[in-house]
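# Structural overview for review
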Amino acid sequence: MDPKLEGHKRRDDPSKGTQSRTSPKPAPTRFYLPLNIAFYLCFASHLLAALYAPIQDCDETFNYWEPLHYLTHGYGLQTWEYSPEFSIRSWAYILIHAIPAKVAGFFGRGKIFEFYALRVILAFVCAATEVRLYSAISRVINPRIGVIFLMIVAFSPGFFYASSAFVPSSFAMYTSALGLTSFMDWQGGPRTATGIMWFGIGALLGWPFAGALILPFVIEEWLTTLVGQGGVFETFRRYLDGTVRCFIALALQVSIDAFFYHSPVVVPWRIVAYNVFGGKGRGPDIFGTEPWDYYLRNLLLNFNLWFLLALVAGPLHLVQSLIFKQKTTNQPLIRTLTFLSPFYLWLSIFTLQPHKEERFMFPAYPFLALNAAVAFHSLLAWVGSPSSIIFGRIPAKIKLAAVLSIVFLAVNIGLLRIVGTVTAYRAPLQVYYPLQESTAPQNGSTVCFGKEWYRFPSSHFLPDPIHAKFIKSEFDGLLPGEFHEGNVGFGLFPGTWLMPSGMNDVNEEDVGKYIDIQHCTYLVDSHMPGMKATEYEPLYALDEKWERVVCQEFLDTSRTGLMARTIWLPDLQLIPERYQRHWGEYCLLRRKDD
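Residues numbered from 1 in each chain as written. Predicted model: local features only at pLDDT ≥ 70, side-chain atom pairs only at ≥ 80, totals over all residues. Heavy atoms only, no water.

### Some remarks on the overall build of the chain
If you tally the helices and strands in the chain, you get 19 helices and 7 strands. For the C-alpha atoms alone, the extent of the chain along its principal axes is close to 100 × 65 × 60 Å. Buried positions account for 52% of the 594 residues belonging to the chain. Taking contacts inside the chain between residues at least 6 apart in sequence as the whole, the part at least 24 apart equals 75%. (Helix = DSSP H or I, 4+ residues; strand = E, 2+ residues; numbered from the N terminus. Buried < 20%, exposed > 50% of the residue type's maximum accessible area, 1.4 Å probe, protein only. Contact = heavy atoms within 4.5 Å.)

As structure tokens, then:
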């Protein structure tokens, strides 16, 4: 045989691992932004958050950073949730973060490095999950929707703060993105088992209520199966596969928690039992309630235009598909509506709950961004259509300029809010550095907190000999105690299984959590111009018994108008008074020698 013909035959022979002429290789997916560039964009945004964003919720400090500090350094503050009597926090969740934090500590100097290293790792993981979802959106729905999704993720204040926050709701946000990716990307067949696994891990290790986000996908798949578009047995097999994976994850979690609590405990169930079936005088409502429109206001602040678009995404897609017969995605109507529905479900569930917190929305952020991206793409298709009665006669350049102006405005409002909050509230992460540089003996030293107890970033900012303590303030709820530090009985980490004193699940004050101010070496306090002293909250920053080690600017919200509290505005005299930011001080004080 002619060698040329033989080589030609080999190239066309499928048995040789190549594609025949009759079965052409499918065209590669077109990404408007390459995956590596998309990752760099997301990671750069989240990296800035990891390095500069203030901690927004005291739960992040006391329920997650402090237990992690106990595992890695042997001491820390303990909330009632970690008392073996209640055990509604999972040590498995803490452990999977403590391991990389401890490893990072071997390469850096000091505990502050560990703190920021873990934040950077969380930012990296968040960016990876977002780019994975971006890839699926571009391939399955529409490449332009993928790019819009990416823009929302990279430039929205909501994602900026959630990306590197050490809270279970952020962890559930990562797994929700992976779960959505699995249910969305059916290339090569449904990936139901993988989707169930990711949503299950987010609910078990993260936050149990995040499991609600899977419901629309379950309903869609079973309805599709029942109307004859899939085998019942095969669908059941996929769900059984995913459920088994979740039970394996649960078994590992229960084993780890049993090791720390010295008793078998199913933490996800305990969380649900306390929050839903806690009974009178218990449950989340005792920690405060908010009006029904709290999340509308909060999401408008953190996503501005994108939140409004997320709200109208479903109705807009229905109108375009059923009335205008305009196809804006590569998927059937029902499937697209399935992708859009989890955000509405989540927002409805938590709007109905009296107790509301910003972090409760984190698991739904990927769905919010997807909804907004689909809605914006639909509007672009409508505006750009030459057959549109309203926009058909407007020159393309004018329409492009209008669209770019809207995008520019939305992105910049988001960036101004990020800069505004970082510059206004970052002082609690900055005032502790003199403690790291001090050469004076510090054994037995304490840093005390009164009214500023809830802004304490974590014991990672205190050198090892120094402990955080509380003094009495006007706050009359239950403050954290301390993990037991001694070597008692059999087993590691006795602070996780020994019963602490003075804990309760009804937020009743325990005076045993306070020390006398005479025993405080250092004191953290804030002072705002015009602030009046009270019985339990004197103006320590003005007291001659205390010297200022360092003071940083801190926004005085009582004298700053709504606009200046919402976004960053330059501190220029030419700006009208009502739009100016007004400042107080956030100080680390040291007791003067008598």
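Having put the structure on the table, let's press on.
### Some details on the domain arrangement of the chain
Assigned domains within the chain: domain 1 (184–278), domain 2 (289–383) and domain 3 (427–591). Taking the mean C-alpha position of each, domain 2 and domain 3 sit 38 Å from one another. (Domains from an automatic or database assignment.)

### Looking at the pattern of salt bridges
One pass over the full model with this rule turns up 22 salt bridges. Among the ionic pairs, Asp 464 bridges to Lys 111, the shortest N-O distance being 3.1 Å. A residue pair is termed long-range when its members are at least 10 positions apart, and Asp 464 in the loop between strand E2 (446–449) and strand E3 (467–470) and Lys 111 in helix H5 (residues 111–140) qualify at 353 residues. Take Asp 464: its relative accessible area is 41%, and that puts it in the partly exposed class. Among the ionic contacts, a cluster of salt bridges with common partners joins Asp 57, Asp 59, Glu 357 and Arg 359. (Salt bridge = Lys/Arg side-chain N within 4 Å of Asp/Glu carboxyl O.)

### What to know about the confidence of the model for the chain
Summary statistics for the chain give a mean pLDDT of 90 and a share of 92% for residues scoring 70 or more. Across residues 1–23, confidence stays below pLDDT 50; counting only partners more than four residues off in sequence or on other chains, it has 13 contacts. (pLDDT = per-residue confidence, 0-100.)

### Section: the nonpolar core
Within soluble globular proteins, side chains that are nonpolar tend to cluster in buried spots. Ranked by internal contacts, the top residues of the largest apolar core, which has 139 residues, are Met 184, Trp 306 and Tyr 432. Broken down by element, the residue count for this core peaks at 14 residues, all from H5. Those residues in contact with Trp 306 that sit more than four places away from it in its chain are Ile 148, Met 151, Ile 152, Ser 156, Leu 368, Ala 372, Phe 376 and Ala 410. Cys 448, Ile 471, Leu 523 and Leu 589 belong to the second largest nonpolar core, which has 9 residues in total. (Core = buried A, V, L, I, M, F, W, Y, C linked by side-chain atoms within 4.5 Å.)

### Overview of the state of the cysteines
Per the counting criterion, the structure on display carries 2 disulfides. In this model, Cys 448 is linked to Cys 520 through a disulfide, with the two sulfur atoms separated by 2.0 Å. Between Cys 448 and Cys 520, the S-S dihedral sits near -95 degrees, and the bridge is therefore left-handed. Here Cys 520 lies in the loop between strand E4 (481–482) and strand E5 (522–527) and Cys 448 lies in strand E2, a separation of 72 residues in the sequence. Per residue, the accessibility class of Cys 448 equals that of Cys 520, and both read buried. Disulfide pairing is shown between Cys 551 and Cys 587; the S-S distance is 2.0 Å. Disulfide Cys 551 to Cys 587: torsion about the S-S bond roughly 115 degrees, handedness right-handed. In this pair, Cys 551 is assigned in strand E6 (residues 546–555) and Cys 587 in strand E7 (residues 583–591), connecting sequence segments 36 residues apart. (Disulfide = S-S within 2.5 Å.)

### Digging into the pairing of E3
Of the two faces of E3, the one carrying His 467 and Lys 469 and the one carrying Ala 468 and Phe 470 are both buried. When E2 meets E3, the two strands line up parallel, connected through 4 bridges. Residue pairing in the sheet places Cys 448 in a bridge with Lys 469 of E3. (Pairing = 2+ DSSP bridges.)

### A few points about the packing of helix H14 (residues 305–322) against helix H15 (residues 333–351)
For any two helices packed against each other, the geometry comes down to the angle between their axes and how far apart the axes lie. It is at 10 Å that the axes of H14 and H15 come closest, and there the two elements cross at 150 degrees. One way to sum up the angle between H14 and H15 is to call them roughly antiparallel. Two packed elements cross with a definite hand, and for H14 against H15 that hand is left-handed. Where H14 approaches H15, its residues Phe 307, Ala 310, Leu 311, Val 312, Ala 313, Gly 314, Pro 315, His 317, Leu 318, Ser 321 and Leu 322 are matched on the opposing element by Leu 333, Thr 336, Leu 337, Leu 340, Phe 343, Tyr 344 and Leu 347. Its residues placed into classes, the contact of H14 with H15 shows 14 nonpolar, 4 polar and no charged. (Axes fitted to C-alpha atoms, helices over the stretch in contact; angles between N-to-C directions. Parallel < 35°, antiparallel > 145°, perpendicular 65-115°, else oblique. Left-handed = near helix turned anticlockwise from the far one by under 90°. Nonpolar A, V, L, I, M, F, W, Y, C, P; charged D, E, K, R; others polar.)

### A short note on the environment of Glu 130
Here Glu 130 is to be found in helix H5. Given the relative accessible area of 4%, Glu 130 is considered buried. Residues Glu 130 and Leu 345, 215 residues apart in the sequence, show an inter-C-alpha distance of 21 Å. Those residues in contact with Glu 130 that lie beyond four places of it in its chain are Cys 42, His 46, Phe 149, Val 153 and Phe 159.

### Comments concerning the sheet that holds E5
A sheet is described by the order of its strands in space; here 5 strands give the open sequence E3-E2-E5-E7-E6, paired in mixed fashion. Where the open sheet ends on each side, the last strands, each with one partner, are E3 and E6. Neighbour to neighbour, the strand axes of the sheet diverge by 25 degrees on average, direction disregarded. Of the strand pairs in this sheet, E5 and E7 are connected by 6 bridges, and their pairing is antiparallel. Looking at the pairing, Val 524 lines up with Leu 588 of E7. Helix H17 (residues 396–425) rests against E6 and E7 of the sheet, and its axis sits at about 165 degrees to E6.

### Details of empty space enclosed by the protein
In the structure shown here, the tally under the stated rule is 4 cavities of 30 Å³ or more. Its volume calculated, the largest cavity comes out at about 100 Å³. Lining the largest cavity are 18 residues; nearest its centre among them are Ser 90, Pro 168, Leu 205, Gly 206 and Ile 271. Listed by contribution, the elements that provide at least two residues to the lining of the largest cavity are helix H4 (91–105), helix H9 (192–206) and helix H12 (267–277). Ranked by residues supplied to the lining of the largest cavity, first place goes to H9 with 4 residues. Considering only residue class, the lining of the largest cavity consists of 14 nonpolar, 3 polar and 1 charged. (1 Å grid on protein atoms, 1.4 Å probe; cavity = no way out; pocket = protein on both sides within 12 Å on 5 of 7 lines; lining within 4 Å. Points joined across faces, edges and corners; volume = space filled by probe spheres on them.)

### Describing the packing of aromatic side chains
By the definition in use, this model includes 55 aromatic pairs. Ring centres of Trp 65 and Phe 166 lie 5.0 Å apart, and the angle between their planes is 75 degrees; on these two criteria the pair is classed as edge-to-face. Highlighted residues: Trp 65 in helix H3 (residues 58–73) and Phe 166 in the loop between helix H7 (157–163) and helix H8 (168–184), separated in sequence by 101 residues. With a relative accessible area of 0%, Phe 166 lands in the buried category. The ring of Tyr 536 has Lys 472 sitting right over it, with the charged end atom 5.3 Å from the ring centre. (Phe/Tyr/Trp six-rings, centres within 6.5 Å; stacked < 30°, edge-to-face > 60°. Lys NZ or Arg CZ within 6 Å of the ring centre and 35° of its normal.)

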